[in-house]
Amino acid sequence: MGITEVSDAKSWEINVINSDIPVFVDFWAQWCGPCRMVSPVVEELANDYQGKVKFVKVNVDEANELASKYNVFSIPTLILLNKGEIVSQQVGAASKESYKNMIDRALQA
């Protein structure tokens, strides 16, 4: 599975900010029911977009400063970044198609 877990500013910098391909970030928590529903969809997307998009999970309980920095107040929050800039964001659980559209638009830009 091609999903990297990030929990600190240093690994965020390496895996997200300095990535040469777009990065799909899943802000989640273990206790969050909708987050657990989204997780298998994110895993499928990681397989579908392998080599084109990097996938990162951030547990908000372990990386509160990252969640605060990106104004994540509700989870799941899914953010697509390209060259360190937010290009798309989805708050709350959504369909796989919704996430695919988010990613495809970024890849076409």
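Rules of the game
Residues numbered from 1 in each chain as written. Predicted model: local features only at pLDDT ≥ 70, side-chain atom pairs only at ≥ 80, totals over all residues. Heavy atoms only, no water. Helix = DSSP H or I, 4+ residues; strand = E, 2+ residues; numbered from the N terminus. Rg over C-alpha atoms; globule rule 2.2 N^0.38 Å. Buried < 20%, exposed > 50% of the residue type's maximum accessible area, 1.4 Å probe, protein only. Contact = heavy atoms within 4.5 Å. Salt bridge = Lys/Arg side-chain N within 4 Å of Asp/Glu carboxyl O. UniProt positions renumbered as here; feature names shortened; annotations may be inferred. Polar contact = N/O pair within 3.5 Å; in protein donor to acceptor, adjacent residues only side chain to side chain. Pairing = 2+ DSSP bridges. Axes fitted to C-alpha atoms, helices over the stretch in contact; angles between N-to-C directions.

Trainee: Report on the overall build of the chain, specifying residues and quantitative values.
Mentor: The helix and strand tally for the chain stands at four helices and five strands. Starting at the N terminus, the α and β elements of the chain follow one another as β-α-β-α-β-α-β-β-α. Its C-alpha radius of gyration of 12 Å places the chain within 12% of the 13 Å reference for a compact globule of 109 residues. Dimensions along the principal axes, computed over C-alpha positions, put the chain at roughly 35 × 30 × 25 Å. Buried positions account for 45% of the 109 residues belonging to the chain. Pairs at least 24 apart in sequence give 69% of the contacts found in the chain among residues at least 6 apart.

Trainee: Can you lay out the pattern of salt bridges for me, pointing to particular residues and giving the numbers?
Mentor: If you walk through the whole model with that rule in mind, you get three salt bridges. Among the salt bridges present, the one from Lys57 reaches Asp26, with a minimum N-O distance of 3.1 Å. You can see Lys57 sitting in strand β3 (residues 54-59) and its partner Asp26 sitting in strand β2 (residues 23-28), a full 31 residues away along the chain. With relative accessibility at 9%, the residue Lys57 sits in the buried group. The shortest N-O distance in the salt bridge between Lys96 and Glu44 comes to 2.9 Å.

Trainee: Before we move on, can you summarise the UniProt feature "site: Deprotonates C-terminal active site Cys" (unreviewed entry) in the chain with the specific residues and values?
Mentor: Using the residue numbers shown here, the UniProt feature "site: Deprotonates C-terminal active site Cys" (unreviewed entry) corresponds to Asp26. Among the polar contacts listed, one links the side chain of Asp26 to the side chain of Lys57, at a separation of 3.1 Å.

Trainee: Provide a residue-level description of the sheet that holds strand β4 (residues 77-82), including the pertinent values.
Mentor: Across a sheet, strands are paired by hydrogen bonds formed along the backbone, either parallel or antiparallel in direction. Reading across from one edge, β1-β3-β2-β4-β5 is the order of the five strands in this open sheet, with mixed pairing throughout. The sheet is open, and its two borders are formed by β1 (3-5) and β5 (85-91), each paired with just one other strand. Strand-to-strand, the axes of this sheet are offset by a mean angle of 25°, without reference to chain direction. Two elements, β4 and β5, share six bridges in a ladder whose sense is antiparallel. Residue pairing for β5: Leu81 is matched across the bridge by Ile86. Helix-sheet contacts for helix α1 (residues 9-17) involve β1, β2, β3 and β4, and the interaxial angle to β2 is about 140°.

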